[in-house]
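Chain residues, written in single-letter form:
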Amino acid sequence: MGSFADKPTIRGTLVTLRPIVAADADAMFAGLDDPEAKRLTGTHREFTREVIEQWAASRIEQDDRLDLAITDAHTGAWAGELAINDWDPDNRSCGIRIAVDAAYRDRGVGTEAMRLAIDYVFESLPIHRLSLEVFSFNPRAIAVYRKLGFMQEGVLRDALLWDGEFHDTILMSILRPDWETR
Ligand SMILES: CC(C)(COP(=O)(O)OP(=O)(O)OC[C@H]1O[C@@H](n2cnc3c(N)ncnc32)[C@H](O)[C@@H]1OP(=O)(O)O)[C@@H](O)C(=O)NCCC(=O)NCCS
């Protein structure tokens, strides 16, 4: 089965998805300074500048995952990031996650970026199953995923501890037949 060695640039109307490169470290680091994004992605860890620089520079070499910058289709500015990860070639499955920067949320950017990524995965690779996790307190993300054909398949009860409270994690997936008929 193919791999994620190809690093595509995918053009939409609002956004262009392109491979993450070393020069993106500044924007990535700035995006981490957002308490709301940390809560919505359940990010407990604090990242140093050095870790982010190494992360950004090394994305292009990874052949088992795809890390894409979501950029403004008109200006090229960084608008967030999207990753296709957890590739399991034996079972033809992988995961997907997205984070749109605060300034670009609620403008259709996340929906279009996810749609472009999902189409790329199913059109270019023999992937059967694409899955994700989302917290129960994130109705906006759940709405986007449902709109694109993801179905809820389970709940990890009290899987996230945030600010002293436990929250459920919702498991969702889209299978190739769902995508073909959506
Ligand atoms: C989740 C995220 C990717 C969505 O992208 P976005 O660009 O903000 O969303 P869009 O503008 O494309 O679409 C939002 C949709 O959610 C709907 N929505 C917004 N708030 C909602 C709410 N409280 N309840 C239900 N639906 C809601 C909107 O109506 C819209 O749907 P529509 O286009 O059918 O009207 C983005 O907000 C984000 O990255 N947030 C921070 C990090 C995060 O939550 N990541 C996901 C972790 S699983």
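Each remark here, short or long, concerns the structure printed above.
Residues numbered from 1 in each chain as written. Predicted model: local features only at pLDDT ≥ 70, side-chain atom pairs only at ≥ 80, totals over all residues. Heavy atoms only, no water.

Asks: How do you make sense of the site of the ligand when you look at a structure like this?
Replies: Taken together, the neighbourhood of the ligand is formed by 21 residues, with Val100, Gly108, Gly110, Thr111 and Lys147 sitting nearest. Measuring from an oxygen atom of the ligand, one finds a side-chain N or O atom of Thr111 at 2.5 Å. Lys147 has a polar side-chain atom sitting 2.8 Å from an oxygen atom of the ligand. Notes on the ligand: free accessible area 960 Å², of which the protein chains cover 70%. Listed by contribution, the elements that provide at least two residues to the shell around the ligand are strand E5 (93-100), helix H4 (109-124), strand E6 (129-135) and helix H5 (139-147). In terms of residues, the shell around the ligand owes the most to one element, H5, which gives seven residues. (Near = heavy atom within 4 Å. Polar contact = N/O pair within 3.5 Å; in protein donor to acceptor, adjacent residues only side chain to side chain. Areas by Shrake-Rupley, 256 points an atom, 1.4 Å probe, with all protein chains shown as cover. Helix = DSSP H or I, 4+ residues; strand = E, 2+ residues; numbered from the N terminus.)

Asks: Would you mind going over the pairing of E5 with me for this structure?
Replies: As a general feature of sheets, a regular strand has side chains that alternate between the two faces. Burial analysis of E5 places six of its eight residues in the buried class, the great majority of the element. Pairing of strand E4 (residues 78-88) with E5 involves seven bridges; the strand directions are antiparallel. Bridge pairing links Asn85 to Gly95 in E5. A loop of four residues connects E4 with E5, the two strands running antiparallel in sequence, and Arg92 in this loop sits at a positive phi of about 50°. Where E5 and E6 come together, three bridges link them in parallel fashion. The partner of Gly95 across the bridge, within E6, is Ser131. For the segment spanning E5, H4 and E6, crossover handedness is right-handed. (Buried < 20%, exposed > 50% of the residue type's maximum accessible area, 1.4 Å probe, protein only. Pairing = 2+ DSSP bridges. Right-handed = clockwise from strand over helix to strand, strands pointing away.)

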